[in-house]
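# Structural overview
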Amino acid sequence: MYRNDKVIRRYSEPFKLKILAELAIGKHTKSELCKLYSIAPTTVNVWIKKYNRKDLMNTRVKVETKDEISRIKALQKEVEQLKKLLLKKDLDAMVEESYLEVAAEDLGYKSIAELKKKLSIKP
């Protein structure tokens, strides 16, 4: 017996369309069809996308209170501020590195590491 003896199923186009038709008329739910025909739910989702039947996809409805919405907006604003601060910090570090490169070159050192070692600056 081989190590990879998985059964690979290939479904015909008419079979796929039959499953989608049964789903469309409401004869069975997606989970019932999957159990009935031994099909993975993700496989049915792939068929729904393949045949552009978005009407058969599960619909998500997100219910939020005003407090939740305002909290989300506050968190998004905070994330944006933190991104700006991080960008500023990265730019400051680049400028500092550039200054050290110039200083090392002017003082005759081969690299910044050599200058830092000489001056005992921790990276």
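Residues numbered from 1 in each chain as written. Predicted model: local features only at pLDDT ≥ 70, side-chain atom pairs only at ≥ 80, totals over all residues. Heavy atoms only, no water.

### Re a negative patch on the surface
Taken together, the side chains of Glu96, Glu97, Glu101, Glu105 and Asp106 define an acidic patch exposed on the protein surface. Counting through the fold element by element, glutamate 105 comes out in helix H4 (residues 66-107). (Patch = residues over 30% accessible without salt bridge, like charges linked within 9 Å, V, L, I, M, F, W, Y side chains within 5 Å. Areas by Shrake-Rupley, 256 points an atom, 1.4 Å probe, with all protein chains shown as cover. Salt bridge = Lys/Arg side-chain N within 4 Å of Asp/Glu carboxyl O. Lys, Arg positive; Asp, Glu negative; His and termini not counted. Charge placed at Lys NZ, Arg CZ, Asp CG, Glu CD. Helix = DSSP H or I, 4+ residues; strand = E, 2+ residues; numbered from the N terminus.)

### Let's talk about the nonpolar core
Core analysis: the largest hydrophobic core is formed by ten residues, namely Ile19, Leu20, Leu23, Leu33, Cys34, Ile39, Val44, Trp47, Ile48 and Leu56. Secondary-structure elements contributing two or more residues to this core are helix H1 (13-25), helix H2 (30-37) and helix H3 (41-50). Aside from chain neighbours lying at most four places away, what touches cysteine 34 is Ile39, Ala40, Pro41 and Val44. (Core = buried A, V, L, I, M, F, W, Y, C linked by side-chain atoms within 4.5 Å. Buried < 20%, exposed > 50% of the residue type's maximum accessible area, 1.4 Å probe, protein only. Contact = heavy atoms within 4.5 Å.)

### Let's talk about a nonpolar patch on the surface
The grouping of Leu87, Leu91 and Met94 at the surface amounts to a nonpolar patch, some 320 Å² of accessible area in total. Accessibility expressed as a relative area gives 45% for leucine 91, which makes it partly exposed.

### Things to note about the packing of aromatic side chains
On inspection of all chains with the given rule, the structure shows four aromatic pairs. Seen from their ring centres, tyrosine 11 and tryptophan 47 are 5.2 Å apart, and the 75° between their planes marks the pair as edge-to-face. Here tryptophan 47 lies in helix H3 and tyrosine 11 lies in the segment before H1, a separation of 36 residues in the sequence. Using a relative accessible area of 3% as the deciding quantity, one classes tryptophan 47 as buried. Ring centres of phenylalanine 15 and tryptophan 47 lie 6.2 Å apart, and the angle between their planes is 90°; on these two criteria the pair is classed as edge-to-face. Taken together, the residues phenylalanine 15 in helix H1 and tryptophan 47 in helix H3 connect sequence positions 32 residues apart. One aromatic cluster is present, formed by Tyr11, Phe15, Tyr37 and Trp47 through successive ring pairs. (Phe/Tyr/Trp six-rings, centres within 6.5 Å; stacked < 30°, edge-to-face > 60°.)

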